[in-house]
Amino acid sequence: MSMMFVPTLEFLGKLYCDRDFVYLAGAEHAAVINDKVNYKIFKYDIGVYYVRNINGGVSTYFGSEYDDYHSCYQLTCDEKVVEVPELVQLVSEGIDSFNFKNYFINVLTNDDYETHWEVINKAGGEQITFNYDGYAVHQNGRLFVREYDAVIGLEEDLTVRWRVECDNSQATGFQRSRFFADNYLIYVSFREEPSSTKPWPGDTVNVVCLDTGNIIWSHTFDNPVMSVMHHNNSIVVGTDVHGFILDATTGDMILQFASPYNIMDMKPVYIDGDYQGQIRSESRLWTDGHYHYFTGSSGNQLHIYTMDGCLFSGPHQIPQGYRFEAKKQCFYLNGKSYIPVSTDDQAFNLVDFGVVIIDPLSLTPETSITLEAGPERALVHQVHDKKTESYQLKMTVDEAAGNARDDLIRYAEIEVKRIAARFGDQRWTNKEKNKKFNGQIQLTITGSAVMKQTCQKMLDILVERVHLWAKESDIDAGNRKESIKVTWEWLTK
C-alpha cells in the first residue's frame, strides 16, 4: 500500500494515535485503522460517540445524545474492547472536565451557548468560577483558553497571564488558522480587511511565545494564506501562488516554490468598478517530513513534492465523485499520512466520505491512488409494475480476508445509503432520482452460516441506523409517498 483511498462511515475531522491504532474520531460509530490498514469497528450502535485523547490514551464515550454519555470504552493491544465506567461521569458533567495541578476544572455552557469554568481547589475544597468563554488547551504542561476571538495564557492559579486577540481567519476556511505547536501559538490574521472595492491583499502568519504572549515574528504574504502548519521547527505555509517554509524560531525564509495550482496570472473581476472576487486555487500545503503534499483547484488532485521543493509525482486523481478536504487538517500517525476526503456531489454530501492513506516510505513517482476494493457487490434494479420499482444490493462476504465482518458492515451501510440518496427524494438535486422508487432496499448477502451468526446483530442495527439517517436527512422514496425501508437476507453458501 502506497496510496489507498478508504471509504468511511462518516466525515473524519480528527484522528488520534494510540499504540498501533489510528482512532477515527467520529460521532456516529467507533472504529480504528490498525497497522495492517484494516478498518476495525469496535462499537456500532445508534447514539452519539465522542473520542477523547487524554494523557496519551484514547477513550470513546457513547450515549443517547451529546453531553449525555453513559458508557466509556477503550481498546486493548489485542483489539479487545473494555468498558471504563469510572471515566463516564467526568465527560458527562460538561463539555470538558479534567485535572490540572491542584484543581479540578469543569468547562460548562448555558442555554445561550456561553461558556464558563467551574473550578474546585482540591487542597481546600473551595469552588471558583472563571468567566472564560472558551475551551481549554493543554500545551507543554501549561493551560490556555481558546476563545472565539482570543487566546489566553493562564498562570498556575488559573488567573490571566496574557491575552492575544486573534480571530479565526476567515481568509482560509482552514481549520488550523490558529494552533499550538512546541512553545508557540501560531495564528493567521488579515494584513488588511477584505473590501468590495479592491482585491484581497493577503494574510499574515504570526508566531507567539507561550511564556510571554509576545509576538516573536510575523510574516505577511502577498496572497491569502490557504494553509499553515508546524513541522520540526519549521512553519509550512501554502498560498494561492506558492509554498513557503519558514524557520519557526526566526521567521527566516528557508524555501519557496511554486504551487502547481498557481493563479498568479488570474485577474480580479470587477463589475461597475466594484471588486467581485478573484479565482482562488484553494491550494493546501502539508508535509509529513518525507514529502510536501499540495491539493487545490477543484480539490480532486494531489501533487507530491520532495522536501527541497521539487515535483516528485502528480497530479494524482482521486476517484471520481470525491474531493480532498486537506483544509480540515491532515495527519501523520504511525508512519503514515492521512488526508480526509468528502464528496464533490451535493446529492451524496451525507454519504460519501473517506481518507487517503499514504505510506511515504514506499512511494515512487509511478505510484497512483488505489481504491480499497471492499467486498464483492452488485446493484440490481427491480421493476415490479409500471409504477413501482425497488433496488437490491447483492454482497458476497470475503471470508478469507482478515477483516470480513467489519468490511461487510461498513460497505453495506455506505452502499445502502448511496442507493437511497441516488434514487430517492431528497433536499439536494440528484440527477438519477427515480420517481417509481418505492423506498424498499433489499440487502442480500452470501456467506457461511458462521459468518451470519457473527454479523446478524450488526445487520439489524444497520437497518435501524439507515432508517434513522434517512429520516434525519429528509430522504424518502423517489415516489415521495413512502419512507426508506431496508431489509436483509442471508444466503448460506
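Source: prediction; values computed, not measured.

**A few points about the overall build of the chain**
On a plain count of helices and strands, the chain comes out with three helices and 40 strands. The burial tally for the chain puts 53% of its 493 residues in the buried class. Taking as baseline every contact in the chain between residues at least 6 positions apart, the subset at least 24 positions apart corresponds to 48%.

**Some points on the packing of helix α2 (residues 404-423) against helix α3 (residues 449-472)**
At a closest axis distance of 10 Å, the pairing of α2 and α3 adopts a crossing angle of 30°. When the interaxial angle is binned, α2 and α3 end up roughly parallel. Classified by chirality, the crossing of α3 by α2 is right-handed. Two secondary-structure elements touch here, α2 through Ala404, Arg405, Leu408, Ile409, Ala412, Glu413, Val416, Lys417, Ala420 and Ala421 and α3 through Met451, Thr454, Cys455, Met458, Leu459, Leu462, Arg465, Val466 and Trp469. Of the residues contributing to the contact of α2 with α3, the split by class is 14 nonpolar, one polar and four charged.

**Remarks on α3**
Here α3 is 24 residues long and its end C-alpha atoms lie 34 Å apart, about the 34 Å a rise of 1.5 Å per residue gives. Of all the bends in α3, the greatest measures close to 50° and is centred on Cys455. Of the residues making up α3, those classed as buried are Met451, Cys455, Met458, Leu459, Ile461, Leu462, Val463, Arg465, Val466, Trp469 and Ala470. Buried positions along α3 lie against β5 (39-43), α2, β39 (437-447) and β40 (485-492). Positioned one or two residues after α3, Asp474 has a phi angle of 60°, which is positive.

**Notes on the sheet that holds β39**
Strands sit in the order β37-β38-β39-β40 across an open sheet of four strands; the sheet is mixed. Of all strands in the sheet, those bounded by a partner on one side alone are β37 (376-383) and β40. Each strand of the sheet is rotated relative to its neighbour by a mean of 20°, with strand direction disregarded. Bridge analysis of β37 against strand β38 (residues 389-396) gives eight bridges, and the strand direction is antiparallel. Residue pairing for β38: Glu376 is matched across the bridge by Thr396.

**A closer look at the sheet that holds strand β29 (residues 292-296)**
Ordered in space as β28-β29-β30-β31, the four strands form an open sheet in which the pairing is antiparallel. Across the chains shown, the open sheet's two edge strands, defined by having one partner strand only, are β28 (284-287) and β31 (311-317). Averaged over neighbouring strand pairs, the angle between their axes works out to 20° when direction is ignored. In this structure, β29 lies alongside strand β30 (residues 301-305), joined through five bridges in antiparallel fashion. What sits directly across from Tyr293, in β30, is Ile304.

**Some remarks on the nonpolar core**
With 55 residues, the main nonpolar core has Tyr338, Leu459 and Trp490 as its most contacted residues. Here the element with the most residues in this core is α2; it accounts for eleven residues. Each residue touching Tyr338, except ones within four places of it in the same chain, is listed here: Leu15, Val22, Ile33, Cys330, Phe331, Leu333, Val355, Val356 and Ile357. Counting 27 residues, the second largest nonpolar core, distinct from the first, contains Tyr293, Ile318, Ile339 and Ile358.

**What to know about unusual backbone geometry**
Between Gly314 and the following residue, Pro315, the backbone shows a cis peptide bond with an omega angle of 10°. One can find Pro315 in strand β31. Unlike most non-glycine residues, Glu79 shows phi in positive territory, near 65°. Taking relative accessible area as the criterion, Glu79 reaches 32% and is therefore assigned partly exposed. Even without glycine at this site, Asn233 takes up a positive phi of about 60°.

**Examining the packing of aromatic side chains**
By the definition in use, this model includes 22 aromatic pairs. Ring centres 6.0 Å apart and planes at 75° place the aromatic pair Phe294 and Tyr305 in the edge-to-face group. In this pair, Phe294 sits in strand β29 while Tyr305 sits in strand β30, placing the two residues eleven residues apart along the sequence. Each member of the pair, Phe294 as well as Tyr305, is classed as buried. Ring centres of Tyr391 and Phe423 lie 4.1 Å apart, and the angle between their planes is 10°; on these two criteria the pair is classed as stacked. Here the residue Tyr391 occupies a position in strand β38, and Phe423 occupies one in helix α2, the gap between them amounting to 32 residues.

**A look at a negative patch on the surface**
On the surface, a cluster of negative charge is made up of Asp111, Asp112, Glu114 and Asp133. Looking at the element boundaries, Glu114 is found in the loop between β11 (103-109) and β12 (115-121).

**Considerations on the pattern of salt bridges**
Evaluated as defined, the whole model comprises 21 salt bridges. For Glu147, the salt bridge goes to Arg163, with nearest N and O atoms at 3.1 Å. Pair noted here: Glu147 is in strand β15 (residues 142-147) and Arg163 is in strand β17 (residues 160-165), with a separation of 16 residues, a long-range link. We classify Glu147 as buried; its relative accessible area is 9%.

**Some details on the confidence of the model for the chain**
When pLDDT is averaged across the chain, the result is 87; 88% of the residues are at 70 or more. Highest mean pLDDT in the chain belongs to β38 (98); lowest belongs to helix α1 (residues 88-92) (60).

**Brief notes about α2**
For α2, with 20 residues, the first-to-last C-alpha span of 28 Å sits near the 28 Å given by 1.5 Å per residue. Counting buried residues along α2, 17 of its 20 residues qualify, which places the element largely inside the surrounding structure.

**Side note on the environment of Glu156**
For Glu156, the position within the fold is in the loop between β16 (150-154) and β17. Assessed through its relative accessible area of 55%, Glu156 is described here as exposed. The spatial distance from the C-alpha of Glu156 to the C-alpha of Asn102 is 9.1 Å, given a sequence separation of 54 residues. Once residues within four sequence positions are removed from consideration, Glu156 is found in contact with Phe100, Lys101 and Tyr103.

Reading the values: rules and limits
- Residues numbered from 1 in each chain as written.
- Predicted model: local features only at pLDDT ≥ 70, side-chain atom pairs only at ≥ 80, totals over all residues.
- Heavy atoms only, no water.
- Helix = DSSP H or I, 4+ residues; strand = E, 2+ residues; numbered from the N terminus.
- Buried < 20%, exposed > 50% of the residue type's maximum accessible area, 1.4 Å probe, protein only.
- Contact = heavy atoms within 4.5 Å.
- Axes fitted to C-alpha atoms, helices over the stretch in contact; angles between N-to-C directions.
- Parallel < 35°, antiparallel > 145°, perpendicular 65-115°, else oblique.
- Left-handed = near helix turned anticlockwise from the far one by under 90°.
- Nonpolar A, V, L, I, M, F, W, Y, C, P; charged D, E, K, R; others polar.
- Expected span 1.5 Å × (residues − 1).
- Bend = angle between axes of the 7 residues up to and from the residue.
- Pairing = 2+ DSSP bridges.
- Core = buried A, V, L, I, M, F, W, Y, C linked by side-chain atoms within 4.5 Å.
- Phe/Tyr/Trp six-rings, centres within 6.5 Å; stacked < 30°, edge-to-face > 60°.
- Patch = residues over 30% accessible without salt bridge, like charges linked within 9 Å, V, L, I, M, F, W, Y side chains within 5 Å.
- Areas by Shrake-Rupley, 256 points an atom, 1.4 Å probe, with all protein chains shown as cover.
- Salt bridge = Lys/Arg side-chain N within 4 Å of Asp/Glu carboxyl O.
- Lys, Arg positive; Asp, Glu negative; His and termini not counted.
- Charge placed at Lys NZ, Arg CZ, Asp CG, Glu CD.
- pLDDT = per-residue confidence, 0-100.

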